[in-house]
Amino acid sequence: MIAYLCAIGIIALIYALLALGLNLQFGFTRLVNFGVVAFFAIGAYTSGLLALQGVPLLLSFVAAMIVAGLFALPIGLLSLRLRDDYLAIVTLGFSEAIRITIQQEEWLTKGVQGLPGLPKLFAGWSSPAGDIATFVLLAVITGIVAWGTLRLSRSPFGRLLRAIGDDEPALTALGKDPAWFKVQVFMLGAALAGLAGAFYAHFITFITPEQFIPLITFYVWMGLVMGGTGSVRGALFGTLLLMVFLEGSRFVKDWIPGVSEVGMASLRLAAVGLALILVTLYRPNGIFGGKSQ
């Protein structure tokens, strides 16, 4: 039971990192990124491939963030020329292009066979202790990222990002050029997704292209929207609420006779969708949305 709860906690924290990165992009700057999973996959494969070549995990994690951030650069530059709806389409297409590339470039990624045998964090520790240590480390890093995001939101740079999201033409009229700030925040959010991908790869220890489908992006969006965009608490607790729905629904099957695993998966998505609809109707800014953080 402890191992199960620890595993769920690790996955929840990984999603929290993804939500915090998306919150920087959309919550502050209103950059619509429907390609979160692409940078998640880039981070996972970068760290995994380097680790298999004997690179220390610390360096492979740093490389995962750098490579994911660099891949975000051209998308960030495109965001300067595209409206929200077109940017959403481009980022969604980018995520599928990355997944197909990973699947096709077998010489590098092993394609659909995936990358097995990735080294775990704290590999020398016993099974429960290693996972607990991973959970603690991930919780500390997520806490630091959340604290840093909160400080950023209250800094002049953060206020500038919010101004870009609220009324970019007015900001431009005041003599501020938002272009480079938008690129920076897009790269920063992608780097956090790359870090989450590195943690995911070395926790699961086996990754394939099928693990990085657009559904991951929409899970992150659901958690952020339910919690409240632009709010650090919203990103964290919205992700927690999403995990409660996704994992808690697994136990509901025992109380509903005659429901198959496939049917339960559909009911799970329906429950999350219903929760999202109710939050949108009765809490348009999310549970923790609004000006307060």
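Use the structure listed above.
The text that follows walks through the structure, step by step, so that each part is easy to find.

1. What about the packing of helix α2 (residues 36-52) against helix α9 (residues 214-227)?
Then, number 1: In contact at an axis separation of 7 Å, α2 and α9 are set at 115 degrees when each is read in the N-to-C sense. When you trace α2 past α9, the crossing you get is right-handed. Touching V36, V37 and F40 of α2 are P214, I216 and T217, all from α9.
Then, number 2: Among the residues making up the contact of α2 with α9, the classes are represented as 5 nonpolar, 1 polar and no charged.

2. A few points about helix α1 (residues 2-28)
Then, number 1: Between its terminal C-alpha atoms α1 stretches 37 Å, which fits the 39 Å expected from 27 residues at 1.5 Å a residue.
Then, number 2: Burial runs high along α1: 22 of the 27 residues are buried.
Then, number 3: With its phi angle positive at about 60 degrees, R30 sits one or two positions after the end of α1.

3. Some remarks on the packing of aromatic side chains
Then, number 1: Evaluated as defined, the whole model comprises 12 aromatic pairs.
Then, number 2: Relative to F186, the ring of F39 lies with its centre 6.1 Å away and its plane at 80 degrees, an arrangement referred to as edge-to-face. Of this pair, F39 sits in helix α2 while F186 sits in helix α8 (residues 179-204); the two residues are 147 residues apart in sequence, bridging distant segments of the chain.
Then, number 3: What makes F39 buried here is its relative accessible area of 1%.

4. Regarding the side chain of T29
Then, number 1: Among the structural elements, T29 can be located in the loop between α1 and α2.
Then, number 2: Given the relative accessible area of 3%, T29 is considered buried.
Then, number 3: Beyond its immediate stretch of four places on either side in the chain, T29 contacts L24, L161, I164, G165, K182 and V185.

5. Observations concerning the nonpolar core
Then, number 1: Counting 77 residues, the largest nonpolar core has I14, Y15, L18, F39, F40, I207 and F212 as its most contacted members.
Then, number 2: In terms of residue count, the dominant contributor to this core is α1 (16 residues).
Then, number 3: Excluding residues within four positions of it along the chain, I207 makes contact with A44, Y45, G114, L115, L118, Y200, A201 and F212.

6. Some words on unusual backbone geometry
Then, number 1: Residues other than glycine seldom take positive phi values, yet F122 does so here, at roughly 55 degrees.
Then, number 2: Of note, F122 is situated in the loop between α5 (106-109) and α6 (127-153).
Then, number 3: Using a relative accessible area of 30% as the deciding quantity, one classes F122 as partly exposed.
Then, number 4: Phi is positive for T205, which is not a glycine, with a value near 70 degrees.
Then, number 5: Inspection of the secondary structure puts T205 in the loop between α8 and α9.

7. Notes on α8
Then, number 1: With 26 residues, α8 extends 38 Å from end C-alpha to end C-alpha; this agrees with the ideal 38 Å at 1.5 Å per step.
Then, number 2: The element α8 is extensively covered by neighbouring structure, given that 19 of its 26 residues are classed as buried.

8. Thoughts on the pattern of salt bridges
Then, number 1: What the rule picks out here adds up to 3 salt bridges.
Then, number 2: For D131, the salt bridge is made with K120, and the minimal N-O distance between the two is 3.7 Å. Placement of D131 in helix α6 and of K120 in the loop between α5 and α6 is noted, with a sequence separation of 11 residues between them.
Then, number 3: On the accessibility criterion, D131 (13% relative accessible area) is buried.
Then, number 4: K120 gets classed as partly exposed once you look at its relative accessible area, which sits at 32%.
Then, number 5: Note that K182 is salt-bridged to E168, the shortest N-O span being 3.3 Å. Here E168 lies in helix α7 (residues 156-173) and K182 lies in helix α8, a separation of 14 residues in the sequence.
Then, number 6: Under the relative-accessibility criterion, K182 is labelled buried at 6%.

About the cut-offs
Residues numbered from 1 in each chain as written. Predicted model: local features only at pLDDT ≥ 70, side-chain atom pairs only at ≥ 80, totals over all residues. Heavy atoms only, no water. Axes fitted to C-alpha atoms, helices over the stretch in contact; angles between N-to-C directions. Helix = DSSP H or I, 4+ residues; strand = E, 2+ residues; numbered from the N terminus. Left-handed = near helix turned anticlockwise from the far one by under 90°. Contact = heavy atoms within 4.5 Å. Nonpolar A, V, L, I, M, F, W, Y, C, P; charged D, E, K, R; others polar. Expected span 1.5 Å × (residues − 1). Buried < 20%, exposed > 50% of the residue type's maximum accessible area, 1.4 Å probe, protein only. Phe/Tyr/Trp six-rings, centres within 6.5 Å; stacked < 30°, edge-to-face > 60°. Core = buried A, V, L, I, M, F, W, Y, C linked by side-chain atoms within 4.5 Å. Salt bridge = Lys/Arg side-chain N within 4 Å of Asp/Glu carboxyl O.

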